Amino acid sequence: MRLTLITTAALICAPLAAMSQTTPEMLVGAWLTPLAEQSVPGATAFVRERLVFEATTNTISIEACSDADAKVPLFTYASSGPYRTLGPSPDVDGALLLDAENDSSTVTIFQNAPEYWQALNLGNCPLEIGVAVDITSCVSGSPLNVAKCVELDLVSIAPEGLRLGARTTDRCVERPTMLGEALYTKP
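Reading guide: rules and limits
Residues numbered from 1 in each chain as written. Predicted model: local features only at pLDDT ≥ 70, side-chain atom pairs only at ≥ 80, totals over all residues. Heavy atoms only, no water. Helix = DSSP H or I, 4+ residues; strand = E, 2+ residues; numbered from the N terminus. Polar contact = N/O pair within 3.5 Å; in protein donor to acceptor, adjacent residues only side chain to side chain. Contact = heavy atoms within 4.5 Å. Disulfide = S-S within 2.5 Å. Salt bridge = Lys/Arg side-chain N within 4 Å of Asp/Glu carboxyl O. Pairing = 2+ DSSP bridges. Buried < 20%, exposed > 50% of the residue type's maximum accessible area, 1.4 Å probe, protein only.

1. A short note on the side chain of Ser 79
Here comes step 1: Looking at the element boundaries, Ser 79 is found in strand S5 (residues 73-88).
Here comes step 2: At 3.1 Å, the side chain of Ser 79 and the side chain of Asn 102 are in polar contact.
Here comes step 3: Among residues more than four places away in sequence, those in contact with Ser 79 are Asn 58, Thr 59, Ile 60, Asn 102, Ser 104 and Ser 105.

2. Points about the state of the cysteines
Here comes step 1: Per the counting criterion, the structure on display carries 2 disulfides.
Here comes step 2: The residue that forms a disulfide with Cys 125 is Cys 138, at a sulfur-sulfur distance of 2.0 Å. When the S-S torsion is 105°, as for the bridge of Cys 125 with Cys 138, the disulfide is right-handed. You can see Cys 125 sitting in the loop between helix H3 (114-119) and strand S8 (132-134) and its partner Cys 138 sitting in the loop between S8 and strand S9 (151-158), a full 13 residues away along the chain.

3. Looking at the pattern of salt bridges
Here comes step 1: Scanning all chains against the criterion turns up 5 salt bridges.
Here comes step 2: One salt bridge connects Arg 84 with Asp 99, and the closest N-O pair in it is separated by 3.6 Å. With Arg 84 in strand S5 and Asp 99 in strand S6 (residues 96-100), this pair connects stretches of sequence that are 15 residues apart.
Here comes step 3: What you see here is one network of salt bridges that share partners, running through Arg 84, Asp 99 and Arg 175.

4. Some words on the pairing of strand S10 (residues 161-164)
Here comes step 1: As judged from the 4 bridges shared by S9 and S10, these two strands associate in the antiparallel manner. Opposite Val 155, over in S10, you have Leu 164 as the bridge partner.
Here comes step 2: The hairpin turn running from S9 into S10, its antiparallel successor, is 2 residues long.

5. Details of the environment of Leu 98
Here comes step 1: Structurally, Leu 98 is set in strand S6.
Here comes step 2: The buried category is assigned to Leu 98, whose relative accessible area is 3%.
Here comes step 3: Sequence spacing of Leu 98 and Pro 88 is 10 residues, and the spatial spacing of their C-alpha atoms is 9.4 Å.

Following this line, the structure appears as structure tokens:
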């Protein structure tokens, strides 16, 4: 009986295990979301995102296909630039504060699909099949809007994968205070 009381007291008094803290070293490498159906006004595509973190730079690429088997590519988007980590997040246990900049944003189209390019606000860009085109001065809105600021973000790595901050705020102005739903795993 005494052993049971001591064990029970120890369990009650012991602090709950804290979530593991994400470190800058944990970020390095490639991370990928699963292929998922996404819609924008007038168009539907199957999309996956890939993040690649190196020591001081990161690349975000988006691959969009017109079919669920990812055999018919529509376009790729690539954005890259420097990033830095700023220590633990005060809002999200285990998350790391992350500031990222955008030095380059390009889109490469693989078919003539003006309805997609209009839906993505790329209608004013000089798109050419198979050619990476810099979109920093021609994109006219989301979802591929090019940030011209230091983007304030969060990143958390747990056993199930990597999550960035929720996309509910203007990251040029305010850092998210919660994690987003998108889950990136090691390919």
